[in-house]
Amino acid sequence: MSPRNAARTAYLVLIYGFLYLPILVLIVYSFNDAKYSLEWRGVTWTWYRNLLDDPDLLQAALNSVLIAALSATVATGIGALAAVALYRYEFFGKPLLQGLIFVLMMTPDIVMGIALLILFASLSLPLGFWTLLLAHITFNIPFVVVTVLSRISGFDRHLLEAARDLGATEFQAVRRVVLPLLMPAVAAGWLLSFTLSMDDVMVSFFVTGPTFEILPLKIYSMARLGVTPEINALCTLMLGATLILILIAQLLLRERT
Amino acid sequence: MRRKEPFKLTAVGVIGFWLTAFALLPNLLLVVASLLERGGDEFVALILTLDNYRRLFDPLYLGVLLDSLWLAAATTLLCLLLGYPFAYLLTRMPARWRPLLLLLVIVPFWTSSLVRTYAMVILLQTNGWLNQLLLDLGWIAEPLELLYTESAVIAGMLYALLPFMILPLYAVLEKLDRRLIEAARDLGAGWITIFRRIILPLTLPGIVAGCLLTFLPGLGMFYVADLLGGARAMLVGNLIRDQFLSARDWPFGAAASVLLTVLMGFLLWAYYLSARRANRGALP
Amino acid sequence: MSEWVIELRNVSKAYAAHAVLRNVTLQVRAGEFLTLLGPSGCGKTTILRLLAGFEPADGGEILIGGQDMRTLPPEQRHVNTVFQSYALFPHLTVFENVAFGPRVKGVKGAALREQVMDTLRMVKLEDFVGRRPGQLSGGQQQRVAIARAVVNQPRVLLLDEPLSALDYKLRKAMQLELKQLQRRLGITFIFVTHDQEEALSMSDRVAVMNAGRIEQFGTPRQIYEAPENLFVARFVGEINNLLGRIVTAAPPRYDIRVHDRVINLKSPYVFGVGDRVNVLVRPEDVRIWREHEGSAEERAALFPAVVEAVVYKGSTVDLAIRLDSGDVLSTTQFFNEDDQALMNLDFREGERVFVDWVHDWETILPHEE
C-alpha cells in the first residue's frame, strides 16, 4: 500500500476509533465482574440481572417505550400526510409551513423544551404523560416529513392524477397508490421517530413531571451520581436497541433497484 | 366556484394546526415571557420589561455566555478540522464500501448522546479506562485529573457532535464534481489553490450546515457540562436550566433562550446565503 | 348542442400572469380522431389537462356530452388519460393496473376478470398479466397505459404525446395500431403531438396551435394543402415563401409579379391591385429543368437558378436552389421510373437550372412577415 493510502486509511481508522472506543469500553465493562474497579475480573451477567430486579427502572423503561411508540405513530401519521400535501399541492401559507418545519428541526432541544414548558404552564396543564407525548410528537414530525418527502420526490408526478383520472377520489388515490409506495419511507420514519423519542433528554427534561419517569432521565440522574456497572448495562441495552432500529430503518430506505 | 378538495383540506389543516399550536405558539410565548417580569407565586407577572435582556449583559451572565460561546466555537472548530478530511476521505473510498462506512457514522449519529457522554466519563475518570491504559503503559506515574475540566467538556461535546458535522460535509463533498478539480489541474493550479478557490466555495453550504448542527446544540447541551464538567461548568444551557428549575426566574431563562434562537436565526441566514452563492456559481 | 361530444367555448388559462390559452373555441365530433398539433408551450397539453379535470379553466366553458364540467372533479368525468410518462402504478401488476378503474367503480370477481382480460387481449398483452411495469419494455408499458384507460369505456380518450418515448420503427407500428384501436372502439380520441407527420397520418381532423391559439382547424389535407396562415404553412411540412405583388385583380384570378415575372394564379382570398402577397409552394411541387432541356422561349418563362446543395435521401433527392433573384428554394425530387428525364436526378452543386412550380398547386396568402 502506498504511503499516501496508508496515511489515509490510518486517519479514517483513527476517527472511527475515536467514535467507537468509548462505546466499546462501556459495553465491555457492563460485563465486568467488578463493582467499583475497572480491572478486568471476568464476564458476568449480574448487572443485567440487577436491572431486571429494579421495578422503578423497569417502569421507566416501559414508559419510555410507550411514549416512543405512541409519539412515533402519531407523528408518522401527521408527518406523512404533511409530506404528501407539501409535495402535491400549492396552498396559502405553504412557504410558511415549510419554514416552520425546517425551523422546528433546527431548533436546539433546550429552546424547544423551554418553549413547550411555557406553553403548558400557561395552559395550566400538569406535567406528565400528556405533555411529554405532545412534545415528542412535535419534535418527531419534521423527521418523518423529511424522510417521506425525499422518497415521494422520486415518484412519477402523474401517479396521483392517473388514479383520479381512473375514478378514484383523492382519499382513495392516496390510500391505493401513494401510501403503498411510501410504506418503506413511512416505516423508516416511524423507526427513526421511535429512536429519537427513546433517546431524548433535553426536551423531556423540561416537559415531564415526577409522576411519569422515563429512561433517559433516569440514566441522567443516576449518572450524575457516578459510574456504576448497572448504568453500563442499561446503556448497553439502549445502544443495542437503537442499533437494531437504525439498521432496519436504513435497510428500508435503501433504494430498490 | 372552486371545487372543495377534502383530502387537501384535511392534510394541510392537521399539520397547520399542530405546528401552529406546538411550534409557533410556544415560541411566541417564549418571546413574550422574556419581556415580562418574574412573578411570585405565578411563574410570570404580566408586566412588560426589558430588564431580562439587560441582565444578560451583566458581567456575571455575560461571562457565562462568552464561556459557552467559546466552548461551543472550539468544539465546532475541532469538529470541522477533524471532520472535513474524514468526510473527504470517505468520498474517495471505493463505492461498494461507502454504504457500510456511512452506516458506521450514522449509528453514533442516532444513538443517544447522553449515553455516549456517559461513556466518555468512564473513559476519563481518575480510575477510568484512559488513565488505566496510560498507567499500564508507563507513560504516567499518577492518574491524570481529566474529568471536571474544560478540556473534558470539549472532548465530550466533540464526541457527541462529530457525526453531526461529518454527515452534512459528506453530503456536499459527495456531490462535488471531480471534473472541476481535473479541469483546474489541467490549467496548472496547485492543490492549495484548488482547495481555496474550488473545493472550499462549493462545499461552503455543507460547512455552514455542519457548524449549525454542532454549534447550536453545543450551546445548549447542559448534560455534557454536568457530567464532564461538574459543578464548576456553567454554560448557557445550564444557566437556562437553572433559571427554570432552581431559580424560578422564567423570564430571564426565556430571554437567554431567545438569545440562543436569535443566534440560530443568524446562522441559518448565513447558511442560506452560502447556499445561494454556491448555487449561483454552479454549472447548469 | 349535443352533436359535439366536446365543446370548448372561449377557454382561457394562465399560469402566474403567463397566458397559456387565449379564448380557445373548439368543437369535437363523437367518434373522431382529433389531433392537437403545435410546438412546445403552445397550450395543447393544457387543453388536455383541462378536459381531464386536473386544473380548472380561468375563463370560458368546457362541455363534455353537453354537460358543463366546471364543478366536476376528474374522477367523475367519463374521460380517461394516457400520460406521456405512462404513470403506471409500479407496485401493481399489469392486471391490477388495468383493473384499477373498474375496481374503484365496484366491479368484482368474474365480471372484473372478463372486462380486464378482454381489454388486455385487445392490446395483445394477455400473457403479461402477472408482470410489474418495471419488467416491461417501453412499448409494452405504453400498451398497458392504453388498456388501463380504455377498459373504463370512456367517452373520450386523451393521449398526451404517448408515442414520443418510442423509437422510430415502434412508433410507426403503434401509430397504425392506435388508429385501428380507435376505429374498433369508436371512442373519440384527442391526441397531442408536436410531430406533424404523426398528426397528418392518424387524424380525422387536426387543430394546429401556437401560443395558446388555434391557428387552423381542419382535415389533414386542408392543413397541408391549404394553410390559412404562414405559421401553419411553415409548421406543417416544408414550405417555400416567395414574395409577390398583385398587378391585376380579377378575383378569383390575379396577375402576380414574382421577382421579374408575372404569373396568373388563383386564390380564394380577395386582393386589391398593389397588395403584397406570400406565394407559398411546397418543395415537391417545384419543377426543375436542366440547361439543355426545352426551347429557349420555354426557358424564358422560368426562373433561372443555381444548385447550392444536393441531399440524397434514398427515395428522394432534396435540393437547395438559389434563384438569381436571391431567394433560396428547397425542392424534393422523386425518382420516377416512367419518365426518363426525371430518372436523371444527378444534380451537382453549382449547376445552372431553371425553376418553376405546378401552377394552382400553390397557396397565396396576404403578406405576413
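Structural data are supplied above this passage.
Every chain is numbered on its own, with residues counted from 1 as its sequence reads. Whichever chain is written first is A, and whichever ligand is written first is 1; the rest continue in order. pLDDT decides what is reported in this predicted model: residues at 70 or higher carry local features, side-chain atom pairs at 80 or more are listed and counted, and totals for whole chains, interfaces and linings draw on all residues regardless. In computing side-chain values, all of the structure's heavy atoms are included and hydrogens and water are not.

## Digging into the overall build of chain B
We count a stretch as a helix when DSSP gives it H or I for four or more residues in a row; a strand needs E for two or more, and each element gets its number in order from the N terminus. Within chain B, the regular secondary structure consists of 12 helices and 2 strands. For chain B, the α and β elements follow one another from N to C terminus as α-β-β-α-α-α-α-α-α-α-α-α-α-α. Its C-alpha atoms give chain B principal-axis dimensions of about 85 × 70 × 35 Å. Each residue is placed in one exposure class: buried if its accessible area under a 1.4 Å probe, protein chains only, is under 20% of its type's maximum, exposed if it is over 50%, and partly exposed if it falls in between. Across the 284 residues of chain B, 49% fall into the buried class. Whether two residues are in contact is decided by their heavy atoms: any pair within 4.5 Å suffices. Taking contacts inside chain B between residues at least 6 apart in sequence as the whole, the part at least 24 apart equals 68%. To measure how exposed things are, a 1.4 Å probe is used in the Shrake-Rupley method; for residues, cover is taken only from the protein chains shown. When the accessible area of chain B is evaluated, it comes to approximately 14000 Å², of which 66% is carbon and sulfur surface. The convention is simple: Lys and Arg are positive, Asp and Glu are negative, and His and the chain ends are not counted. Here the site of a charge means NZ on Lys, CZ on Arg, CG on Asp, or CD on Glu. Computing the positive centroid from 23 side-chain charges and the negative centroid from 18, chain B places the two 17 Å apart.

## Let's talk about the overall build of chain C
When its secondary structure is counted, chain C shows 10 helices and 20 strands. Expressed along its principal axes, the backbone C-alpha trace of chain C runs to roughly 85 × 45 × 35 Å. Looking at chain C residue by residue over its 369 residues, the buried ones come to 49%. Contacts spanning at least 24 positions in sequence make up 65% of the contacts within chain C whose residues lie at least 6 apart. A total of about 17300 Å² of accessible surface is found on chain C, and carbon and sulfur atoms cover 49% of it. Taking the 43 positively charged and 49 negatively charged side chains of chain C as two groups, their mean positions are separated by 8 Å.

## Considerations on the packing of aromatic side chains
In this scheme Phe, Tyr and Trp rings, the latter by its six-membered ring, pair at centre separations within 6.5 Å, and the angle between planes marks the pair as stacked below 30 degrees, edge-to-face above 60, and tilted otherwise. One pass over the structure, following the stated rule, counts 34 aromatic pairs over all chains. Between phenylalanine 109 of chain B and tryptophan 110 of chain B, the ring centres sit 5.5 Å apart and the planes meet at 90 degrees, which makes this aromatic pair edge-to-face. The exposure class of phenylalanine 109 of chain B is partly exposed, given its relative accessible area of 22%. Summarising the aromatic geometry, the rings of phenylalanine 222 of chain B and tyrosine 223 of chain B are spaced 6.3 Å apart at their centres and angled 80 degrees between planes, so their arrangement reads as edge-to-face. Here the two residues phenylalanine 222 of chain B and tyrosine 223 of chain B agree in accessibility, since each one is buried. What links up through ring pairs into an aromatic cluster is the set Phe205, Phe206 and Tyr220 of chain A together with Phe222, Tyr223, Phe244 and Trp250 of chain B. One cation-aromatic arrangement involves arginine 241 of chain B over phenylalanine 222 of chain B; the distance from NZ or CZ to the ring centre is 5.0 Å. A ring is considered to have a charge above it if a Lys NZ or an Arg CZ atom is located within 6 Å of its centre and within 35 degrees of its normal. A cation sits over an aromatic face here: arginine 282 of chain C above tyrosine 224 of chain C, 3.9 Å from the ring centre.

## Topic: the sheet that holds strand S18 (residues 328-334) of chain C
All names here are of chain C. Spatially, S15-S19-S16-S17-S18 is the arrangement adopted by the 5 strands of the open sheet, whose pairing is antiparallel. Both edges of this open sheet fall to strand S15 (286-290) and S18, since each of them pairs with a single strand only. Sheet twist, expressed as the mean angle between neighbouring strand axes with direction ignored, is 45 degrees. We treat two strands as partners when DSSP finds at least two bridges between them. Angular values range over 0 to 180 degrees, each being the angle between N-to-C directions of two axes fitted as lines to C-alpha atoms, with helices fitted over their stretch in contact.

## Thoughts on the side chain of serine 71 of chain A
Residues and elements named next belong to chain A. Mapped onto the elements of the fold, serine 71 is located in helix H3 (residues 55-88). Polar contact is the term for a pair of N or O atoms within 3.5 Å; when the atoms are in protein, one must be able to donate a hydrogen and the other to accept it, and sequence-neighboring residues count only if both atoms are side-chain atoms. Separated by 3.3 Å, the side chain of serine 71 and the backbone oxygen of alanine 68 make a polar contact. In this structure, serine 71 is in contact with Leu133, His136, Ile137, Asn140 and Ser197, ignoring residues within four places of it in sequence.

## Quick notes on the environment of proline 39 of chain C
Residue and element names in this part refer to chain C. For proline 39, the position within the fold is in the loop between strand S3 (33-37) and helix H1 (44-52). Looking at proline 39, the relative accessible area reads 26%, which means it is partly exposed. Separated by 157 residues in the primary sequence, proline 39 and glutamine 196 place their C-alpha atoms 9.8 Å from one another. Apart from residues lying up to four places away in sequence, proline 39 is in contact with Lys44, Met209, Asn210, Phe231 and Phe235.

## Observations regarding unusual backbone geometry
Residue and element names in this part refer to chain C. Put simply, proline 251 and proline 252 share a cis peptide bond, and its omega is 10 degrees. Position of proline 252 among the secondary structure elements: in the loop between strand S11 (240-250) and strand S12 (253-258). Residues other than glycine seldom take positive phi values, yet alanine 16 does so here, at roughly 45 degrees. Structurally, alanine 16 is set in the loop between strand S1 (4-15) and strand S2 (18-29). When its relative accessible area of 80% is taken as the criterion, alanine 16 is described as exposed.

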